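Analysis of the macromolecular model
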Amino acid sequence: IAVKVKTDSAPAYFYKGLIYDKINETDMAESNYKNALAIENNFINALTGLAAIYRKRKDYPKLIICLKRASEIAPASFNLSLDIGIACSETNDHEGAKSNFKEARRLARNNTEKLKKLLEAYIDAGMIDQADDLFARKFQDDDDGKTVVFWNRLALQCIRLGIYDKARFFFMGALKL
């Protein structure tokens, strides 16, 4: 279908990119997404298509550029802030990760599903204090089982990061429950 659409049309290039992406022809998909953006530089679907390719390739610098550009077009997006934070943490840009996670937390408000995604991102990024704070404020309840599992996960991440005193604190807290 996309081939029959006017060839200088951004949507046509986007759909061709999408088709190539679905059949794992990522170089062709990338080329078509870029062609769509050359025609319509604020075509957010093409930007998110490119971002997905860069995420698969673990090309975090290009991913960050794409996501930041998309966030300029669609500001106040939880998913974009979270994704930029994750990409920043992958490139050891801790300040970028921290500021984008902070924005994601603001945008998540009290949405439990979004807050769970943010909690996972904090843990994966090694931001133990932020994860512990978020859990304590939003999730800790009378379910000791969830708390034990969470504290054990934090402890294991602390061990991976070489923060043994904090790991001991979380393990001991879990044992007391």
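Residues numbered from 1 in each chain as written. Predicted model: local features only at pLDDT ≥ 70, side-chain atom pairs only at ≥ 80, totals over all residues. Heavy atoms only, no water.

**A look at the confidence of the model for the protein chain**
Residue-level pLDDT values for the protein chain average 88, and 93% of them are 70 or greater. Ranking the helices and strands of the protein chain by mean pLDDT puts helix α2 (residues 26-39) first, with 95, and helix α8 (residues 128-139) last, with 83. (pLDDT = per-residue confidence, 0-100. Helix = DSSP H or I, 4+ residues; strand = E, 2+ residues; numbered from the N terminus.)

**Examining a nonpolar patch on the surface**
On the surface, Leu 156, Ile 159 and Tyr 164 cluster together into a nonpolar patch covering about 300 Å² of accessible area. In this structure, Ile 159 sits in helix α9 (residues 144-161). (Patch = residues over 30% accessible without salt bridge, like charges linked within 9 Å, V, L, I, M, F, W, Y side chains within 5 Å. Areas by Shrake-Rupley, 256 points an atom, 1.4 Å probe, with all protein chains shown as cover. Salt bridge = Lys/Arg side-chain N within 4 Å of Asp/Glu carboxyl O.)

**Section: helix α4 (residues 60-73)**
End to end, α4 covers 20 Å across 14 residues, agreeing with the expected 20 Å (1.5 Å per residue, within 8%). Considered for burial, the residues of α4 that qualify are Tyr 60, Leu 63, Ile 64, Cys 66, Leu 67 and Ala 70. Relative to the axis of α4, the buried residues are bounded by an arc of 165 degrees and lie together on one face. Exposed and facing more than 90 degrees away from the buried side of α4 are Pro 61, Ile 65 and Glu 72. (Expected span 1.5 Å × (residues − 1). Buried < 20%, exposed > 50% of the residue type's maximum accessible area, 1.4 Å probe, protein only. Arc of directions from axis to C-beta.)

**As for the packing of α2 against helix α3 (residues 44-57)**
Orientation of α2 relative to α3, taken along the N-to-C sense of each, is 150 degrees, at an axis distance of 9 Å. Considering their axes alone, α2 and α3 lie roughly antiparallel with respect to each other. Regarding α2 and α3, the two cross each other, and that crossing is left-handed. Contacts from Thr 26, Asp 27, Ala 29, Glu 30, Tyr 33, Lys 34, Ala 36 and Leu 37 in α2 reach Ala 46, Leu 47, Gly 49, Leu 50, Ile 53, Tyr 54 and Arg 57 in α3. Classifying every residue of the contact of α2 with α3 gives 9 nonpolar, 2 polar and 4 charged. (Axes fitted to C-alpha atoms, helices over the stretch in contact; angles between N-to-C directions. Parallel < 35°, antiparallel > 145°, perpendicular 65-115°, else oblique. Left-handed = near helix turned anticlockwise from the far one by under 90°. Contact = heavy atoms within 4.5 Å. Nonpolar A, V, L, I, M, F, W, Y, C, P; charged D, E, K, R; others polar.)

**Description of the environment of Gly 96**
If you trace the backbone, Gly 96 turns up in helix α6 (residues 94-108). With 12 residues separating them along the chain, Gly 96 and Ile 84 place their C-alpha atoms 8.0 Å apart.

**Some points on the packing of aromatic side chains**
In this structure the tally under the stated criterion is 6 aromatic pairs. Aromatic side chains Phe 101 and Tyr 122 sit 5.4 Å apart centroid to centroid with 80 degrees between the ring planes, which places their arrangement in the edge-to-face category. Here the residue Phe 101 occupies a position in helix α6, and Tyr 122 occupies one in helix α7 (residues 112-124), the gap between them amounting to 21 residues. Residue class for Phe 101 comes out buried when judged on its relative accessible area of 0%. The class of Tyr 122 is buried, set by a relative accessible area of 4%. Arranged with centres 5.4 Å apart and planes meeting at 65 degrees, the rings of Phe 169 and Phe 170 form a pair that is edge-to-face. The class of Phe 169 is exposed, set by a relative accessible area of 55%. On the basis of relative accessibility, which here comes to 2%, the residue Phe 170 falls in the buried class. (Phe/Tyr/Trp six-rings, centres within 6.5 Å; stacked < 30°, edge-to-face > 60°.)

**Structural notes on the environment of Arg 160**
Turning to its location among the elements, Arg 160 is positioned in helix α9. In this structure Arg 160 comes out as exposed when scored by relative accessible area, which is 63%.

**Examining the pattern of salt bridges**
Overall, the coordinates contain 11 salt bridges when judged by the stated rule. A salt bridge links Asp 59 to Lys 62; the shortest N-O distance between them is 3.9 Å. On the accessibility criterion, Lys 62 (39% relative accessible area) is partly exposed. Among the salt bridges present, the one from Glu 120 reaches Arg 153, with a minimum N-O distance of 2.7 Å.

**Some thoughts on the packing of helix α5 (residues 78-90) against α7**
Contact pair α5 / α7: the axes reach a minimum separation of 11 Å and the direction vectors enclose 5 degrees. With respect to α7, the axis of α5 lies roughly parallel. On α7, the residues that touch Phe 78, Asn 79, Leu 82 and Ile 86 of α5 are Lys 114, Lys 117, Leu 118 and Ala 121. A breakdown of the residues in the contact of α5 with α7 according to their chemical character gives 5 nonpolar, 1 polar and 2 charged.

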